[in-house]
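Structural features, examined
Next come the chains, spelled out residue by residue.
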Amino acid sequence: MAVEESGPGAQNSPYQLRRKSLVPKRTAAASATGASTSSTEAFGHRAKRARVSGKSHDLPAAPAEQYLQQKLPDEVVLKIFSYLLEQDLCQAACVCKRFSQLANDPILWKRLYMEVFEYTRPMMHPEPGRFYQVSPEEHEHPNPWKESFQQLYKGAHVKPGFAEHFYSNPGRYKGRENMLYYDTIEDALGGVQEAHFDGLIFVHSGIYTDEWIYIESPITMIGAAPGKVADKVVIENTRDSTFVFMEGSEDAYVGYMTIRFNPDDKSAQHHNAHHCLEITVNCSPNIDHCIIRSTCTVGSAVCVSGQGACPTIKHCNISDCENVGLYITDHAQGIYEDNEISNNALAGIWVKNHGNPIIRRNHIHHGRDVGVFTFDHGMGYFESCNIHRNRIAGFEVKAYANPTVVRCEIHHGQTGGIYVHEKGRGQFIENKIYANNFAGVWITSNSDPTIRGNAIFNGNQGGVYIFGDGRGLIEGNDIYGNALAGIQIRTNSCPIVRQNKIHDGQHGGIYVHEKGQGVIEENEVYSNTLAGVWVTTGSTPVLRRNRIHSGKQVGVYFYDNGHGVLEDNDIYNHMYSGVQIRTGSNPKIRRNKIWGGQNGGILVYNSGAFLGVSIMENITITIFLVNIERLNDYSNDYV
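Below is a short write-up of the structure. (Residues numbered from 1 in each chain as written. Predicted model: local features only at pLDDT ≥ 70, side-chain atom pairs only at ≥ 80, totals over all residues. Heavy atoms only, no water.)

Across its full length, the protein chain holds 12 helices and 61 strands. Counting only contacts in the protein chain whose residues sit at least 6 apart along the sequence, the fraction spanning at least 24 positions is 49%. When the accessible area of the protein chain is evaluated, it comes to approximately 27,000 Å², of which 50% is carbon and sulfur surface. (Helix = DSSP H or I, 4+ residues; strand = E, 2+ residues; numbered from the N terminus. Contact = heavy atoms within 4.5 Å. Areas by Shrake-Rupley, 256 points an atom, 1.4 Å probe, with all protein chains shown as cover.)

What follows is the structure, encoded as structure tokens:
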């Protein structure tokens, strides 16, 4: 066991007393069995057992040894052990069962652990690239401090001012030859390149400014500090990107620290190329539990760019940046999970130019711009994210971007929920889209997304708004409780609206106007405050095989030159008429069942043509014709 070389009491330490209490001289019987006095016996270890007739018997212990091992009170032994370093404790644990129990006392190991690593909770490192802190009381291992110590033991430490003290007191730190200490991160990275150690770097509490951190090997760098580790370890740059990962840094790890880019001239255009984290081609580092901040008003906090750029970024906080939070471009990929992305001046996430990330369980909120912006052929898979309270849309898709968004919550946007425009595409599947100030989904300017299986509800305006030559497939959604129409189609837009439930709106169910078109089929439209379907101002939709019922006014309302085709629908139980046609409207009405209306089946004010309608069980009149100019070939199964 190691002995303190200096200090009070060094000449009469318990280690020297132990050395004097050697095992007694061997008896002839002991010699005959081949037992010998070894170096372990000289440090008071258990003597080797003599073997007689296949049975083992312990040799009698000397009185001093017996006293130390059996009679010395636990608190005294623990006090002695508190002066030992980790390797000495491990050797003491080999002496006897009692010493083994006492030398594994968690309090002893916690003191040693915090002296070396500073953590106030054990940092477990069960495998490469994985670190997590545990509560000692709840961890399955009886001594997580020792377990973590063993996992983290071989590494270099960046601890400014400590290296000189460490290397000038070799006796004090005897047994820690595997630990290296540096004053700067750059020096520690140089030690990795010179193969002084295997690449595990602990960066201790402090602020490290303007170091050139270019990583091109699979190093592991982790903050080491008490309390909330990332708050205490701050690495910042004022001139260049704070961290740059280059080819060769695959499987590198950076975690538990604050990474800042804080230039003096925050608006300089050359800072477009500077970031907190810059991840370049053909590298896949792991970024974990970091706080990432940029005060620069151009560029982004995190930039992932180029073919083969494929990081894993988890449990990070990318917030309060004066630019874009996370920017993924130029065919870059990566996995981004469980991050907090908020209050950024521009988008929380940009995906551009065939970037194709996997983004799961992120909290993207209170952005001063859009939450997620995919554009210029950006792609990506977004799953189970919570996107809310962003100033513009929660999710924006533009210019041939084609993301897949699954099981996210997109809500309380200060404008809309999802905005797809300028030939944007995308698949939005099984999301909850609610309580947005404008429409839950906007589709315009030749965009063609798929909106399937979503719940779109309680919007302060409409549910789905398709305008300005918008298209898209709107299928299998539950659209309800919106302040305006559940689906609004206008200005030459032509979507396919299929198999949706559109109900309990504070306005109408489907509103088609200003030359709106589209195929509207197999939907259930019910219990809306105004008409189930409105068709007006030159619009020509095809409504086919829908169930339109239980409305608080009319079922289907054609007016102001509303046209289109109404066929094979089941229209029933409305407070007013099932179908109302007026003011220059001329729809084609075929093979519908129109019944149960409390104010008639079909109410025609002007220019209606209908064929083969089934009209039954109306409370008042079946057909009410007002100011008819032309009524073409109608016949009814029931009057």
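One non-glycine residue, Asn353, lies in positive phi territory at about 50°. Locating Asn353 in the fold gives a position in the loop between β24 (349-352) and β25 (358-360). Overall, the relative accessible area of 28% leaves Asn353 in the partly exposed class. (Buried < 20%, exposed > 50% of the residue type's maximum accessible area, 1.4 Å probe, protein only.)

The next point concerns the packing of aromatic side chains. All chains considered together, the criterion is met by 35 aromatic pairs. Judged by centre distance (4.9 Å) and plane angle (15°), the rings of Tyr434 and Phe457 are stacked. With Tyr434 in strand β35 (residues 432-434) and Phe457 in strand β38 (residues 455-457), the pair connects residues that are 23 residues apart, well separated along the chain. Each of the two residues, Tyr434 as well as Phe457, counts as buried. Ring pairing ties together the aromatic residues Trp109, Tyr113, Phe117, Tyr119, Trp145, Phe149, Tyr153 and Phe202, which thus form one cluster. Stacked on the ring of Phe162, the Lys or Arg Lys159 has its end atom at 4.6 Å from the ring centre. (Phe/Tyr/Trp six-rings, centres within 6.5 Å; stacked < 30°, edge-to-face > 60°. Lys NZ or Arg CZ within 6 Å of the ring centre and 35° of its normal.)

The next point concerns the environment of Arg239. Mapped onto the secondary structure, Arg239 falls in the loop between β11 (233-237) and β12 (243-245). Along the backbone, Arg239 and His271 are 32 residues apart, and their C-alpha atoms lie at a distance of 8.4 Å. When residues no more than four places from it in sequence are discounted, the contact partners of Arg239 are Asp210, Trp212, Phe261, His271 and His274.

Attention shifts here to helix α9 (residues 144-152). Buried within α9 are the following residues: Pro144, Trp145, Lys146, Ser148, Phe149 and Leu152. The secondary structure elements touched by the buried residues of α9 are α6 (86-92), α8 (106-117), β3 (123-127), β4 (130-133) and β7 (200-204).

A few words now on the pairing of strand β51 (residues 556-559). Alternating residues of β51 divide into Val556 and Phe558 and Tyr557 and Tyr559, and every residue in both groups is buried. Relative to β51, strand β48 (residues 533-536) is paired through four bridges, and the arrangement is parallel. Note on β51: the bridge partner recorded for Val535 is Phe558. With three bridges connecting them, β51 and strand β54 (residues 579-581) associate as parallel partners. By the bridge assignment, Phe558 is partnered in β54 with Ile581. (Pairing = 2+ DSSP bridges.)

Moving on: the pairing of β11. The buried count for β11 comes to five of five residues, which makes it a mostly enclosed element. Burial along β11 is two-sided: Val233, Ile235 and Asn237 facing one way and Val234 and Glu236 facing the other are all buried. Bridge count between strand β8 (residues 206-209) and β11: four bridges; the pairing is parallel. What sits directly across from Ile207, in β11, is Val234. Alignment of β11 against strand β14 (residues 258-261), held across four bridges, turns out to be parallel. Bridge pairing links Ile235 to Ile259 in β14.

Distances and angles like these do not, on their own, reveal function.
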